[in-house]
Amino acid sequence: MISKAAVNRIIETLKGIYPDGLCSLQYEKDYELLFAVRLSAQCTDERVNKVTPALYARFPTLESFAEADPKEVGAYIHSCGFYNGKARDIVACAQKLVNEYGGKVPGTMEELTGLPGVGRKTANLILGDVFGQPAYVCDTHCIRITGRLGITDGSKDPLQVERQLRERIPPKESNNFCHRMVLFGRDTCTAHSPKCDGCPLAKDCGTAKAAAKKK
């Protein structure tokens, strides 16, 4: 894997490209981010952002989601795919938040992953964006790019990648770093045709160096 100095250069370079390092999902309330992340499974953030305004207008409170018919929720999120399961999870999650957490999104990994439809990736995002805690969100972009760069050992297992990132990315940088991985994965280091030529991280990327040698 690459050196600590190279990791720090990558962090600083990404800061220059994406100074804000913000989540792509649009939301106003904490639980809306929770639901939006559930909708984003096997779906683009762009699509989710098109769907959620009408969904949140129809169900403007957490209580209204808790009382909703999953079939009606499903009709609003149909274009996000896997809408039946997502709708059931959203309604069940809302019910648990209302009944067990007083309508508040909890702030621990254990509590968050105990909610319907919430795994470690979602929980880390909530802990980082909502509660300002160190958070390592290992989505497909982050797993792919950190492996290509050599920040991780190339593992595709999210938990293994998370453990490695916790060792290599400073806690204060973690949340924004993962957001920047998503943005960089869309713009440059794409899944099938990464733009290695002219890539601002190429000098610290083993994958880019290997590709250059083949030319």
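Further up the page is the structure itself.
So, a few notes on the structure that sits alongside this text. Being a predicted model, the structure only gives us computed values, none of them experimental.

## Re the side chain of histidine 179
Structurally, histidine 179 can be placed in helix H11 (residues 171-187). The contacts of histidine 179, once residues within four sequence positions are left out, are Gly21, Leu22, Cys23, Leu125 and Asp129.

## Here we look at empty space enclosed by the protein
Counted according to the given criterion, the structure contains two cavities of 30 Å³ or more. Looking at the largest cavity, its volume works out to about 100 Å³. Considering the residues around the largest cavity, the lining is formed by 14 residues, among which Cys189, Pro194, Cys196, Cys199 and Cys205 are closest to the centre. Mapped onto the lining of the largest cavity, the elements with two or more residues apiece are helix H9 (140-149) and helix H12 (206-213). Looking at which element gives the most residues to the lining of the largest cavity, the answer is H9, with three residues. Grouping the amino acids of the lining of the largest cavity by side-chain chemistry returns 10 nonpolar, two polar and two charged. Its volume calculated, the second largest cavity comes out at about 30 Å³. Lining the second largest cavity, in full, are Leu34, Phe35, Arg38, Asp89, Ile90, Cys93, Pro116, Gly117 and Val118.

## Brief notes about the packing of aromatic side chains
Evaluated as defined, the whole model comprises six aromatic pairs. When the centroid spacing of 6.3 Å and the interplanar angle of 75° are considered together, the rings of tyrosine 31 and phenylalanine 65 count as edge-to-face. Highlighted residues: tyrosine 31 in helix H2 (residues 30-39) and phenylalanine 65 in helix H4 (residues 62-66), separated in sequence by 34 residues. Among the residues examined, tyrosine 31 registers a relative accessible area of 9% and is labelled buried. Centre to centre, the rings of phenylalanine 59 and phenylalanine 65 are 5.2 Å apart; their planes meet at 35°, and the pair counts as tilted.

About the thresholds
Residues numbered from 1 in each chain as written. Predicted model: local features only at pLDDT ≥ 70, side-chain atom pairs only at ≥ 80, totals over all residues. Heavy atoms only, no water. Helix = DSSP H or I, 4+ residues; strand = E, 2+ residues; numbered from the N terminus. Contact = heavy atoms within 4.5 Å. 1 Å grid on protein atoms, 1.4 Å probe; cavity = no way out; pocket = protein on both sides within 12 Å on 5 of 7 lines; lining within 4 Å. Points joined across faces, edges and corners; volume = space filled by probe spheres on them. Nonpolar A, V, L, I, M, F, W, Y, C, P; charged D, E, K, R; others polar. Phe/Tyr/Trp six-rings, centres within 6.5 Å; stacked < 30°, edge-to-face > 60°. Buried < 20%, exposed > 50% of the residue type's maximum accessible area, 1.4 Å probe, protein only.

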